[in-house]
Amino acid sequence: MIRERGKVSIVGAGPGDPELITLKAIRAIENAEVVLYDYLVNKELLGYCKPDCQIVYVGKKNKQHTYPQEEINKMLIEFGLSGKKIARLKGGDPFVFGRGAEEILGLQEHDIEFEVIPGITAGVAVPGAAGIPVTLRNVASSVAFFTGHQCENHKTEIQWDKIAAGIDTLVFYMGVAQAPRIVRNLMANGRKPETPVAMIRWGTLPEQEVMKGTLENIVAKMEQHDFKPPAIFIVGEVVAYSEQLSPLINQMAKTEI
Ligand SMILES: C[S@@+](CC[C@H](N)C(=O)[O-])C[C@H]1O[C@@H](n2cnc3c(N)ncnc32)[C@H](O)[C@@H]1O
């Protein structure tokens, strides 16, 4: 008997708040026979799974990986070849520092059907929920997203001289451990020490923490408060303007430290 091949939905689960997910993503979870989910995916979303859905945690927290990436790719292929409907849930958007593309390559090699369901990425949603717009008329007309981590064998070292001078708002994912290096490189390449910055931890969630400062003092503040990941680090004049936004938004950022 020839078994039908499965289908893998690579699903963006949004930045944390379980309501910040698309209808299409919820439908994929509801229809899935297998769900593989990451560390930053809100567990409440698993409530959409069918009662007999097989749920597998494949998260990576800091350096603790439940499964290496190659193993996850293999699992997706195996489930796909067995004819199952799979939802691969990833925090934020699958293609923003999410390794979604790597997982798709393996599926393509085995001719397994897939779809991509984009999600709301943390780099925009986390500052937004804390009242910080990533662009602002007359203040910031450009924004760029960076990873604080550089994986081994990377070919894409950040060009600090260009970004320090050429981009208004800089948003760093995974930037907590690397904050000293980030601020040092930005200031060494001409970004003013008094540039406003914010570190936002567990954004969009009740446990959200917002730490504001300047390029010059943020690392000392982080050390003082033992600031931990996961957090988005945002650099630029937009951070100062968050104070002027609606009182309702500022209420959401009440966990300021
Ligand atoms: C591996 S990246 C995945 C990003 C994800 N694909 C996205 O589009 O948002 C994980 C990093 O995203 C950031 N992040 C994700 N969710 C966050 C949240 N709710 N609050 C703060 N930072 C978050 C942190 O920098 C975290 O270390």
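Note that the coordinates shown come from a computational prediction; the quantities given were computed from them, not determined experimentally.

Visitor: How should the environment of C49 be read in this particular structure?
Guide: The residue C49 is located in the loop between strand 2 (34-37) and strand 3 (54-57) in this model. Exposure remark for C49: the relative accessible area of 13% places this residue in the buried category. Counting along the chain gives 20 residues from C49 to I29, while the straight-line C-alpha distance between them is 5.7 Å. Setting aside chain neighbours within four positions, we find C49 in contact with I29, V35 and I55.

Visitor: Teacher, can you tell me more about the site of the ligand here?
Guide: Residues in contact with the ligand amount to 18 residues; listed here are only the nearest, P15, V96, T121, M174 and A231. Contact between the ligand and D93: an oxygen atom at 2.8 Å from a main-chain N or O atom of the residue. Contact distances for the ligand include 2.7 Å between an oxygen atom and a backbone N or O atom of A231. When isolated, the ligand has an accessible area of 570 Å², and the protein chains bury 88% of it. Mapped onto the shell around the ligand, the elements with two or more residues apiece are helix 4 (122-129) and strand 12 (231-235). Looking at side-chain class alone, the shell around the ligand contains 13 nonpolar, 4 polar and 1 charged residues. Both of domain 1 (7-117) and domain 2 (122-251) provide at least three residues apiece to the shell around the ligand.

Visitor: I'm lost on the domain arrangement of the protein in this one. Help?
Guide: Many analyses report the size of an interface as the accessible area lost when the parts associate. Assigned domains within the protein: domain 1 (7-117) and domain 2 (122-251). Domain 1 and domain 2 are separated by 28 Å when their C-alpha centres are compared. In this complex, domain 1 contributes 10 residues to the contact, which on the side of domain 2 involves 14 residues. Summed over both sides, the interface of domain 1 with domain 2 buries roughly 800 Å², with 76% coming from carbon and sulfur. One can count 0 salt bridges joining domain 1 with domain 2. Where domain 1 touches domain 2, the interface holds 1 residue pair in polar contact (both at pLDDT 80 or more). Split into classes, the residues belonging to the side of domain 1 that touches domain 2 amount to 6 nonpolar, 3 polar and 1 charged.

Visitor: In this structure, what is going on with the packing of aromatic side chains? I would like to understand it.
Guide: Pairs of aromatic rings are described using the distance from one ring centre to the other and the angle between the two planes. Throughout the structure, instances matching the rule amount to 7 aromatic pairs. An aromatic cluster is defined as three or more aromatic residues linked by ring pairs; in this entry it consists of F146, W160, F172 and F233.

Visitor: Explain the sheet that holds strand 6 (residues 85-90) here, please?
Guide: In any sheet, the strands associate via hydrogen bonds between backbone groups, in a parallel or an antiparallel arrangement. Spatial ordering of the open sheet is given by 3-2-6-1-7, a layout of 5 strands whose pairing is parallel. Strands with a single pairing partner mark the edges of an open sheet, and in this sheet they are strand 3 and strand 7 (113-117). On average, each strand axis in the sheet is inclined to that of its neighbour by 15°, with strand direction left out of account. Where strand 2 lies against strand 3, 4 bridges are found, and the strand directions are parallel. Across the sheet, the residue bridging to V35 is I55, located in strand 3. Running at roughly 155° to strand 6, helix 2 (residues 69-81) makes contact with strand 1 (7-12), strand 2, strand 3 and strand 6 of the sheet. The sheet contacts of helix 3 (residues 100-109) involve strand 1, strand 6 and strand 7, and relative to strand 1 the element is tilted by about 175°.

Each value, and the rule that gives it
Residues numbered from 1 in each chain as written. Predicted model: local features only at pLDDT ≥ 70, side-chain atom pairs only at ≥ 80, totals over all residues. Heavy atoms only, no water. Helix = DSSP H or I, 4+ residues; strand = E, 2+ residues; numbered from the N terminus. Buried < 20%, exposed > 50% of the residue type's maximum accessible area, 1.4 Å probe, protein only. Contact = heavy atoms within 4.5 Å. Near = heavy atom within 4 Å. Polar contact = N/O pair within 3.5 Å; in protein donor to acceptor, adjacent residues only side chain to side chain. Areas by Shrake-Rupley, 256 points an atom, 1.4 Å probe, with all protein chains shown as cover. Nonpolar A, V, L, I, M, F, W, Y, C, P; charged D, E, K, R; others polar. Domains from an automatic or database assignment. Buried area = accessible area lost by both parts, 1.4 Å probe. Salt bridge = Lys/Arg side-chain N within 4 Å of Asp/Glu carboxyl O. Phe/Tyr/Trp six-rings, centres within 6.5 Å; stacked < 30°, edge-to-face > 60°. Pairing = 2+ DSSP bridges. Axes fitted to C-alpha atoms, helices over the stretch in contact; angles between N-to-C directions.

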